[in-house]
Structures are given as structure tokens and as C-alpha cells.
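Chain and residue survey
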Amino acid sequence: LVVALARLESVPRPPGWRKGDNEDLHTLQADASTRVRVILQYEKKEMQRDILFLEGEFSRVEGAIIGGRDLVEPEVLTIEEAKLRCTSIRGCKGFTFKGDVTEGALEIHFKDSTEVGGLGSTSFLFKDGETALLEVLKAQHEERFCQDAEELENKGLGEDHFSEYYKRCLREEEPSWDTLSNKVVDEILAATAAAGEAHRDKQRQDADGSAATLSAAPDFKVTVSEQRRRPFRNFITDRDGTVNNYCDRYSSCVQSAYNAAWLSHFARNCTDKAVFVTAAPLGGRPSAEGLLELCVAPRSEFTYTGSKGREYFDHGTQRVLEAMELPQEQRELIDELHRRILALCTQPGNMKFLGIGSGLQRKFGEVTMARNDPAGTVPDPESRRFMAAVRKIKEELDPDGTMLDLHDTGTDMEFFPRATDGRHFDKGTGVICLDQKLHLDVAQGPNLVCGDTGSDVSLVTAVLRLMCGDKMVEAWQERIKKEDEPEVSDPAPPDDLTRAPSTTFPDGKLSFHGSCEGECSPSVQMTAEELEQHRKEEAEKLAKEMEEEREAQEAASRLAVLFVVSPEQHEKTPQLAHKVRRWCEVSGAHCAIVPSPDVLVAALARYANQVAGRSVIEPRAPPQTNGEVSACW
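Heads up: these notes are all about the structure in this document. (Residues numbered from 1 in each chain as written. Predicted model: local features only at pLDDT ≥ 70, side-chain atom pairs only at ≥ 80, totals over all residues. Heavy atoms only, no water.)

**Side note on the environment of Asn 372**
By secondary structure assignment, the location of Asn 372 is in the loop between strand 14 (366–370) and helix 12 (380–397). Of the residues examined, Asn 372 reaches a relative accessible area of 9% and is grouped as buried. Each C-alpha atom of the pair Asn 372 and Met 413 lies 9.7 Å from the other, and the pair is 41 residues apart in sequence. Apart from the residues lying within four places of it in its own chain, the contact partners of Asn 372 are Ile 356, Gly 357, Thr 377, Val 378, Ser 383, Thr 411 and Asp 412. Polar side-chain contacts of Asn 372 include one of 3.1 Å to the backbone nitrogen of Thr 377. At a separation of 2.8 Å, a polar atom in the side chain of Asn 372 contacts the main-chain carbonyl oxygen of Val 378. (Helix = DSSP H or I, 4+ residues; strand = E, 2+ residues; numbered from the N terminus. Buried < 20%, exposed > 50% of the residue type's maximum accessible area, 1.4 Å probe, protein only. Contact = heavy atoms within 4.5 Å. Polar contact = N/O pair within 3.5 Å; in protein donor to acceptor, adjacent residues only side chain to side chain.)

**A short note on the pattern of salt bridges**
Enumeration over the complete set of coordinates arrives at 44 salt bridges. With a closest N to O distance of 2.6 Å, Arg 339 and Glu 336 form a salt bridge. With Arg 339 and Glu 336 both in helix 11 (residues 328–345) and three residues apart, this pair spans about one turn of that helix. Take Glu 336: its relative accessible area is 22%, and that puts it in the partly exposed class. (Salt bridge = Lys/Arg side-chain N within 4 Å of Asp/Glu carboxyl O.)

**Some words on the sheet that holds strand 13 (residues 360–363)**
Across the sheet, which stays open at both edges, the four strands sit in the order 13-14-16-15 with antiparallel pairing between neighbours. Each edge of the sheet is formed by a strand with only one pairing partner; in this case those strands are strand 13 and strand 15 (404–408). Each adjacent strand pair in this sheet contributes to an overall mean axis angle of 15 degrees, direction not counted. The pairing of strand 13 with strand 14 spans four bridges and is classified as antiparallel. Counted as the bridge partner of Lys 363 is Glu 366 from strand 14. (Pairing = 2+ DSSP bridges. Axes fitted to C-alpha atoms, helices over the stretch in contact; angles between N-to-C directions.)

**A closer look at the nonpolar core**
Residues Leu 189, Trp 262, Phe 302, Tyr 304, Leu 448, Leu 562 and Leu 604 are the most contacted members of the largest nonpolar core, which totals 53 residues. The leading source of residues in this core is helix 19 (residues 597–612), at nine residues. Dropping the residues within four chain positions of it, Leu 189 is found in contact with Val 184, Phe 232, Leu 448, Ala 560, Leu 562, Leu 604 and Tyr 607. The next biggest cluster of nonpolar side chains, apart from the first, holds 47 residues, and it includes Cys 433, Leu 434, Val 580 and Cys 584. (Core = buried A, V, L, I, M, F, W, Y, C linked by side-chain atoms within 4.5 Å.)

**Notes on the packing of aromatic side chains**
Throughout the structure, instances matching the rule amount to 17 aromatic pairs. The interplanar angle of 75 degrees and the centroid separation of 5.2 Å between the aromatic rings of Phe 235 and Phe 266 together place this pair among those described as edge-to-face. Taken together, the residues span a long stretch of sequence, with Phe 235 in strand 8 (residues 232–237) and Phe 266 in helix 9 (residues 257–270) at a distance of 31 residues. Residue classification places Phe 235 among the buried positions, given a relative accessible area of 0%. Here Phe 266 and Tyr 607 contribute two aromatic rings whose centre-to-centre distance is 6.3 Å and whose plane-to-plane angle is 50 degrees, an arrangement assigned as tilted. Here the residue Phe 266 occupies a position in helix 9, and Tyr 607 occupies one in helix 19, the gap between them amounting to 341 residues. Taking the relative accessible area as the measure of exposure, Phe 266 reaches 0% and is therefore buried. An aromatic cluster is built from Phe 58, Phe 95, Phe 97, Phe 110, Phe 124 and Phe 126, whose rings are joined through pairwise contacts. Here Arg 13 stacks its cationic end above the ring of Trp 17, 4.1 Å away from the centre of that ring. Above the face of the Phe 313 ring, Arg 299 is positioned so that its terminal group lies 5.0 Å from the ring centre. (Phe/Tyr/Trp six-rings, centres within 6.5 Å; stacked < 30°, edge-to-face > 60°. Lys NZ or Arg CZ within 6 Å of the ring centre and 35° of its normal.)

**Some remarks on the pairing of strand 14**
Looking along a regular strand, one sees side chains alternate from face to face of the sheet. With respect to burial, strand 14 is a largely interior element, five of its five residues being buried. Here strand 14 shows a buried face lined by Glu 366, Thr 368 and Ala 370 and a second buried face lined by Val 367 and Met 369. Between strand 13 and the antiparallel strand that follows it, strand 14, lie two residues; Gly 365 among them carries a positive phi value of about 80 degrees.

Fair warning: the whole summary comes from geometry, so function is off the table for now.
Below is the structure:
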């Protein structure tokens, strides 16, 4: 990693670049005649973080480590040898020696304390990689989001630069690292896990009678699988922008080691099943690189899915499988589209489009072609020229415009077969298919869902459908829609459950004028007894609906939703945070909005540390030999 970082730093700079300019600005050779300016911030920053995470950090101080005890006998080593030795000794917090630093060997004492005092000695205090990296992430977060008025003024920003974002999106006056982490860990994850445990307790109580009967049988035993120990049943998440920082080039958006370690730690200790649901291609096949090639976490810890959940990697067969079949005609159309666009990219002046932004992605049932990246690497006229050439290919394959749809995001062109029923396959559709294919048992919960864009909201609604039922989710959807699109004028509320005026006739019967919410028609005459019966039925119906909603909300209390909405995302889609939060409010799900993947992933790692009783960099406890299940996973 150190060598790779040095090579990245040596990538040529654009003409006119000087020391003090953007340190991440470089130029890459796109083709024989084209150089493109690129920002290598993601690649360089993630490498720097990985080096810190894997090596830890030593700080030199004057004086001897006077507290604690020697962990091993003193050893004669050079400073560099002592650093390596220190990291290999469990619980070592530093080493100390008499005199000053020299290039030769010294008598080194390895200690379990950081208390320093006295003169005539030198000490090196060690901070493990996880602690050191968390301090860096916290400092970077505080620098960006927790600046005072004077700091903002020095940067040419007004005092209210983040205030609207804090209040409307995060709902925090000052979203410090600790405040957001505590909210995610102590309020959201803990509360959802507690609701799941309460649900399991109720199920166990309901089953006590049958269990007592079964326990009388000589061969009765409770298996580990029946005693779920992990707090969450499913962890369903998007990747880029959610649990992985964004990169301007998909092809170099390789997962960092610390990110893989923390997410795997959470998946292993806190969930039964962890599933990535992304719109990106899955990969895993020749000439079709994708998610599988970009993730470095052990494949056994996660189920990787691509193309919005249409395809997934099966660990048992080690093959890419389909969650939903694609008609042969559409498959051939997408294959031919991909082949022609790839041929177009090999022409002079077009090769650069393969190396910017999303590049060319062959997905299952979809093709994505970049025409620019978020940094605006390609001049707009050149981007439009290339887009016109790609559109021409689409028109050649679909002259009537009846088979292919095109969605232009401003940086990417997304092509997919036109749906006959007018609906498109989204991530929510993918989750429902995967629930059946992978036996996720989403309906039972507890579940954790994470996302960062409007397309990820369908993950939330799909999980709610599985947990609460279609009827209730559609009722909530209608309620939210009415709130977002209020009527011009609302009639005065009715005084009784009949919701219609009435007239009493001499014979004692009542005649209703107007609507009774579809339950009666105008001018229907009813006796007082019939009216009472009608009111009773309406009250029973309302009570039933309220009970159904209560049960649905009790089920949804076993769902945690964590969404990343950065200031940039909030500016582009100001209603996203409100939409996610409103879905959780009406359903009873737990929700937190955080400003970056760093906050989310670090919070998941912290929660996993609590559950496992150790951090990911600490060795696991040895397995017990008495037949009992170890507390460490």
C-alpha cells in the first residue's frame, strides 16, 4: 500500500499546476491523443487510511513509561524492530528505553501503560490502527461539520452555511461525531434489537406449552439455530455513498481494508445475513467486472447482488445466478447494445469515456454508459457529441422507440428494456425477489436497511411490505402522498361516524343526504335501530383498522433505517431526508440520517464491538471445549 500510494502521488500533474494547488489533481492518458484531468482523492485518501489502520501509530515522547508492567522480558532491538515487536504483543501500549534515539540496538522494555515521567529516557507510545483511524475520521468530521462562526467566516462562508442542513436534514443543532454515533448505536440499533428480542420472547412464551410437551420426549433438544444470538436477522444495504465513500471512477472504487474489516465485523457478529443490493453490475464473469471485483471483504460474509438485485453470487455453487429471469429477446437486445457501444468507445476520441465516471457497465437487463463524471472532466460539447453518437445506436436498434428506454442522469446514460406493464425493476423489486430466492425471512425481522439516494427508498418500502403487508404500506403511502400534495380546500370534519347529514321523517326513519364514505348511498332511509347498528359497524371497522395498524407498527419497530444524506445530496434532493424519515414515522420504524458513510460504518463497527466484546483487530477468544457455544463469533 505504501508503494502504491507513492506511485499515485507520482502520477503527472496538469499543465500549470503548482505546489499549493489541489493535491489530488492529476492527469491520466485516456487514449493516444487525449489526457484527462482527474481527482484521485478517493484512491489516495483510502490508501492513507488503510496504512494507518494496518500499521497503527507511534508517537515519540521524552521520559520513561513509569506505569504498568513489563509484558515480556527486555529485548535488544533497533527502534524499527521494536515497533514491529510492539504491535505483535497483545496489550502492548508502548516501549521505553534509556537515553535518546540511536540507529543501533537498545534495551527495550515493552509496557502496558502510557503514563510517562522522569528524565533521561525516551518512549514510543503505540495507538492501535482502529483507535488511530477513528481519531482521524472524527477530526475530519468535526473540521467539516462542527465549525464555529469565525472558522466559517475565514473560509468565506456565512454562519448559516450548514444551519438549514443541520435542522431540516439531520435535525441536530450541531452534529458532532459523538452525537451522531451515540444516536445510531444507542437509540436506533439498540432499540430495534430490543424490539426484536421482545418479539422473540413473546413467541417463546406463546410456544411454552408445546415446548414443555416436546421436552418430555427423550430425544428433545434445542439447537443453536433456534436460539438466535445475533441482534439482526438481515442487513440490507446499498454500497457506494452508503457504506463506501464515493469515487469519481467506478473502475477504481476498490473497497478499503478498514471498511471491509469493519463491515465484516458487523456482519459476522450482528446479523444472520448481510446483503449488498446495488444498481452496479455484479461482475464475476469474464469481461464483465463489477461489484465482486471491487469488494475485498470475504465473500462468505456477504451476499453480493448487482443490477438492483436481478443477479446474485451464490456461495454454494460459486456462480452468478439470476433472481428474476430476463426474456431471451430482451437479453439479446441488451447484449447487442453493449457490443455496439463498446465498439463506439474504441474509435478515436472516445476511449476516454471508458475511464471516467461509471465507464461502460454491462448489467443484467441494463447498460450504463458514462458521458462525463461528477468532476466535469469532459467539456460539455464533447460530452454532447458522444451522447448523440450513443443515441444513434439506440435508434438503430429500436427505430420505433418501443423496446428501449433511456434515462440520462447528466453524467450517465442508462438503457433498459421497456416494461410492458409500465413498471420498472427497482431495488425494492430486487429485495422481494431475493427474499424468496435466498430465504431471508425478512418478514420476521429485526432488519437493518441502509441507503443514500432516492432509489434506495424502495429498499425501505419493500422491507415494510414484507414485514407489515401490502395493504398497510399502500395506506401509509397514500397518507404520505396526501401530506405532500395537500388539497386546495378540505371540507369541515363530520360530527359523527356516518359522515353525512340526515333528516328525520315522521315515521321515525332517517334519510341520509350525501356520501357515507362509500358505505351508503344518497337518500337512504334508516330507522334509529339501523342507524345505531350502522354506527356500531363503523366503530368496529375503525377499531379493526386501528388494531391492524398497531400490529403493523409493532412489526415495523423491528426495522432500523440508516440513511446517508450529505450536504451535497440534500442540496440536489432536499426532500429525500424528509421522505425517509416520514416513512419511518408513520410505520414505527427506527430512523437516523447521517452526513457521511464514515459516520455510518464507524457506528456499525462500534456496535459490533459491543456485541462481540472486542474490536475487529483484537484476536478472538479460543473456542470452548466443553460443548458450549462460545460468546465470540
